[in-house]
Amino acid sequence: MSSVRRVASVIRLRPERQEEYLRLHQAVWPEVEQTLRSANIRNYSIFLHGDLLFSYYEYVGVDHAADLARIAADPHTQRWWQLTDPCQESLAESGSGEWWKPLPEVWHLDD
């Protein structure tokens with residue numbers, strides 16, 4: 001049985017695209033949601049604070065990198081990102097290969 005890996009990240013939401021981004025997320029495509037589920041992503045949330053988007057999910061698989069690659073290869077997800085990526089501005093370090101900036105976990109209260 002695999003353990004749960006908590007993943008958090010942040011990205012800037014372009015203020016002029018905020019309305020569009022929020023509208024898109026009122027109806028995330030079912031195919032995109034299914035791809036996330038099949039890639040062992042659970043409890044995925046995105047929060048908004050000012051112009052920052054904070055995401056959190058729990059990964060329950062055994063090969064996070066391979067599952068992320070499967071998500072990135074999915075045609076529905078690729079089309080979804082074509083709509084959402086222009087709304088965002090990456091805060092990740094240049095050359096890191098990341099779009100959303102990964103955040104280190106500082107503290108966690110277990111059950």
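Definitions and limits used
Residues numbered from 1 in each chain as written. Predicted model: local features only at pLDDT ≥ 70, side-chain atom pairs only at ≥ 80, totals over all residues. Heavy atoms only, no water. Axes fitted to C-alpha atoms, helices over the stretch in contact; angles between N-to-C directions. Helix = DSSP H or I, 4+ residues; strand = E, 2+ residues; numbered from the N terminus. Parallel < 35°, antiparallel > 145°, perpendicular 65-115°, else oblique. Contact = heavy atoms within 4.5 Å. Nonpolar A, V, L, I, M, F, W, Y, C, P; charged D, E, K, R; others polar. Buried < 20%, exposed > 50% of the residue type's maximum accessible area, 1.4 Å probe, protein only. Polar contact = N/O pair within 3.5 Å; in protein donor to acceptor, adjacent residues only side chain to side chain.

**Student:** Sorry, what's going on with the packing of helix α1 (residues 18–25) against helix α4 (residues 75–84) here?
**Tutor:** Two elements in contact, α1 and α4, have axes separated by 10 Å at closest approach and are oriented at 150°. With respect to each other, α1 and α4 are oriented roughly antiparallel. Facing α1, whose interface residues are Glu20, Tyr21, Leu24 and His25, α4 presents Trp80, Leu83 and Thr84. Residue composition of the contact of α1 with α4, by class: four nonpolar, two polar and one charged.

**Student:** Looking at this structure, how should I read the side chain of histidine 64?
**Tutor:** Tracing the sequence through the fold places histidine 64 in helix α3 (residues 64–73). The class for histidine 64 is buried, based on a relative accessible area of 12%. A polar atom in the side chain of histidine 64 sits 2.8 Å from the side chain of tyrosine 57. Beyond its immediate chain neighbours, meaning those up to four positions away, histidine 64 contacts Arg5, Val7, Tyr57 and Tyr59.

**Student:** Help me understand unusual backbone geometry in this model?
**Tutor:** Among all residues save glycine, negative phi is the norm, and among peptide bonds the norm is trans. The phi dihedral of asparagine 40 is positive, around 70°, even though this residue is not glycine. Here asparagine 40 lies in the loop between α2 (30–38) and β2 (41–49). Residue classification places asparagine 40 among the partly exposed positions, given a relative accessible area of 22%. With phi around 50°, asparagine 43 is a residue other than glycine that occupies positive phi space. Mapped onto the elements, asparagine 43 comes out in strand β2. What makes asparagine 43 exposed here is its relative accessible area of 51%.

**Student:** Sorry, what's going on with the packing of α3 against α4 here?
**Tutor:** Helix packing for two helices is described by the angle between their axes and how far apart those axes are. At a minimum axis separation of 5 Å, α3 and α4 run at an interaxial angle of 70°. Compared by their axis directions, α3 and α4 come out roughly perpendicular. On the side of α3, the interface is formed by Ile71, Ala72 and Ala73, while α4 contributes Pro75, Thr77, Gln78 and Trp81. Grouping the constituent residues of the contact of α3 with α4 by class yields five nonpolar, two polar and no charged.

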